[in-house]
Every structure is written in C-alpha cells, then in structure tokens.
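Each chain is listed here by its residues.
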Amino acid sequence: FSSHLSHLFSIFTNHNIITMIQAFKIFIVSFTILFSSVTFAQKKLNAYLQTKQLYVPEVGTVVEVHTQFSAASLKFKGVDGGLAAEIYYSLNISSGDKIVNSSVFKLQSPIYSDSIVDDFYDVQMFKLEPGNYKCVIELADLVANSETIKSTFALNVDQPTGTSFLSDIIIAESATASKK
C-alpha cells in the first residue's frame, strides 16, 4: 500500500511541478508583453492653450495665444549643449471664409543641460479687429514623429468701449524673449 501511495504522491508532485513551470512561463511571457507595450508605447503630446486680450492705445486689441507644453509628454533629443524637443506648430485664425492670421513653424524647446526637463511655453501675439473668429491649432512632436493633434476653438475679440478697457491679467514667474 505504501508503495502505491508513494507512486501516487510522486505523480501528483511531478504534475504540480509541471503546472508550476507552465504557470511561470505564462507569467514571464505576459510580463514581457506588458513591459514591451509600456516601453514602446508612444507618448501623446499634451499642450494647454489659453488666450489673452490686451488693449494697446494707438494699436488696438492685441490677442495672445499662450501654449504650455508638458515636458513629460515630449521626446527629447541630444543637441549642442544638452537636450531639446522640437514641435510642429500651426495656428490659423479665420473670420468667415477669410484667413486673417496664419503661422506655421518648427518650435524648439529650451535646451536642458541634464535629464530634468520642465514644461515650457510659447506665446503668439497679433493684432485683431473686434469680431468673432475661429482658431485652429495643430501640434506634433517632431522628435517622436507623433501624429498631429488638432484643436479648434472660437475667439471673440471685444470692442473697447468708452475711455477704459480692462485687459486680461497675465501672471509670469519669468519670461525670456525669443531670438526672433
């Protein structure tokens, strides 16, 4: 009886070892697939938009489009002096069927000297007559070769009334002029 029990126990134990090995193989394959999908997943560019209207005497209403780029959502490449991101930036402003302002350019982030990168901003400024406008902005991470993201929004430029006009408030911790 004991020989049968010992044989049965060895079969049961061998079966458990084989099952455990198969489970471990499945775990390793699953972990590898999960890790590779996380590692190779493309980051999606995150940007935040805000518009400001400022009244400048003898010029008129000046509109600023502030774009904050999330550094964590961008891919950086090595350049002279450190790391930088490159972004395709397109902004079109239209009134009815007429395009009143259009700009397309390659935006380079500030150059970071180490791997700690911060969000950065771009400010586009232009004069617009009072009225209703449609803005279309398109952005893409050129280093990551990502798909273009697009946002469309309405912009109402107010007509200054009387002798006073309250411009939007702009808070900045620091600002540096571009080389343009």
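Fair warning: this is a prediction, and the values are worked out from it, not measured in the lab.

*Asks:* Mind laying out the overall build of the protein, listing which residues take part and the relevant values?
*Replies:* Helices and strands together make up the secondary structure of the protein, namely one helix and nine strands. Listing each helix as α and each strand as β along the protein from the N terminus yields α-β-β-β-β-β-β-β-β-β. Classification of the 180 residues of the protein by burial places 27% in the buried group. Restricting to contacts in the protein with at least 6 residues of sequence separation, those with at least 24 account for 63%. Surface accessibility of the protein: about 12900 Å² in total, with carbon and sulfur atoms responsible for 58%.

*Asks:* Would you mind going over the sheet that holds strand β9 (residues 149-157) in detail, with residue names and values included?
*Replies:* Neighbouring strands of a sheet are bound in pairs by backbone hydrogen bonds; such pairs are parallel or else antiparallel. Read across the open sheet, the four strands follow the order β6-β5-β8-β9; overall the sheet is antiparallel. Pairing within the sheet leaves two strands with one partner each, and these edge strands are β6 (98-108) and β9. Sheet twist, expressed as the mean angle between neighbouring strand axes with direction ignored, is 15°. Pairing of strand β5 (residues 86-95) with strand β8 (residues 131-141), which is carried by eight bridges, proceeds in the antiparallel orientation. Bridge pairing links L91 to I137 in β8.

*Asks:* How would you sum up the nonpolar core? Please name residues and give values.
*Replies:* Within the largest apolar cluster, 24 residues are counted, with the highest numbers of intra-cluster contacts made by F69, L74, Y89 and L128. Of all the secondary-structure elements, those providing two or more residues to this core are β2 (60-69), β5, β6, β7 (120-127), β8 and β9. Each residue touching Y89, except ones within four places of it in the same chain, is listed here: V65, T67, F69, S103, V104, F105, D122, Q124, I137, E138 and L139.

*Asks:* An account of the sheet that holds β7 is needed here, citing residue identities and associated values.
*Replies:* In space, the three strands of this open sheet follow the order β1-β2-β7, with antiparallel pairing throughout. The sheet is open, and its two borders are formed by β1 (47-56) and β7, each paired with just one other strand. Neighbour to neighbour, the strand axes of the sheet diverge by 20° on average, direction disregarded.

*Asks:* Which residues make up the packing of aromatic side chains, and what are the values?
*Replies:* A complete count under the given rule lists three aromatic pairs for this structure. Taken together, a centroid distance of 5.2 Å and an interplanar angle of 25° make the contact between F69 and F120 stacked. Of this pair, F69 sits in strand β2 while F120 sits in strand β7, placing them 51 residues apart in sequence. We note that F69, like F120, is buried. Taking the centre distance of 4.9 Å and the plane angle of 20° together, the rings of Y89 and F105 count as stacked. On the criterion of sequence distance, the pair formed by Y89 in strand β5 and F105 in strand β6 is long-range, its members being 16 residues apart. F105 shares its class with Y89; the two are buried.

*Asks:* Provide a residue-level description of the side chain of S73, including the pertinent values.
*Replies:* Relative to the assigned elements, S73 resides in the loop between β2 and β3 (77-79). The exposure class of S73 is buried, given its relative accessible area of 5%. A distance of 2.8 Å separates a polar atom in the side chain of S73 from the backbone oxygen of S70.

*Asks:* Give me the lowdown on the confidence of the model for the protein, citing residues and values where you can.
*Replies:* Mean pLDDT over the protein works out to 78, with 66% of the residues at or above the 70 mark. Every residue in residues 34-41 is under pLDDT 50, and counting partners more than four places away or in other chains gives zero contacts.

*Asks:* Describe the pattern of salt bridges, listing the residues and the values that go with them.
*Replies:* Throughout the structure, instances matching the rule amount to three salt bridges. Where K77 meets E86, a salt bridge forms, and the shortest distance between an N and an O atom there is 3.4 Å. A salt bridge links K106 to E86; its shortest N-O distance comes to 3.9 Å. Separated by 20 residues along the polypeptide, K106 in strand β6 and E86 in strand β5 bring together distant segments of the chain. Since its relative accessible area comes to 13%, E86 is described here as buried.

What counts and what doesn't
Residues numbered from 1 in each chain as written. Predicted model: local features only at pLDDT ≥ 70, side-chain atom pairs only at ≥ 80, totals over all residues. Heavy atoms only, no water. Helix = DSSP H or I, 4+ residues; strand = E, 2+ residues; numbered from the N terminus. Buried < 20%, exposed > 50% of the residue type's maximum accessible area, 1.4 Å probe, protein only. Contact = heavy atoms within 4.5 Å. Areas by Shrake-Rupley, 256 points an atom, 1.4 Å probe, with all protein chains shown as cover. Pairing = 2+ DSSP bridges. Axes fitted to C-alpha atoms, helices over the stretch in contact; angles between N-to-C directions. Core = buried A, V, L, I, M, F, W, Y, C linked by side-chain atoms within 4.5 Å. Phe/Tyr/Trp six-rings, centres within 6.5 Å; stacked < 30°, edge-to-face > 60°. Polar contact = N/O pair within 3.5 Å; in protein donor to acceptor, adjacent residues only side chain to side chain. pLDDT = per-residue confidence, 0-100. Salt bridge = Lys/Arg side-chain N within 4 Å of Asp/Glu carboxyl O.

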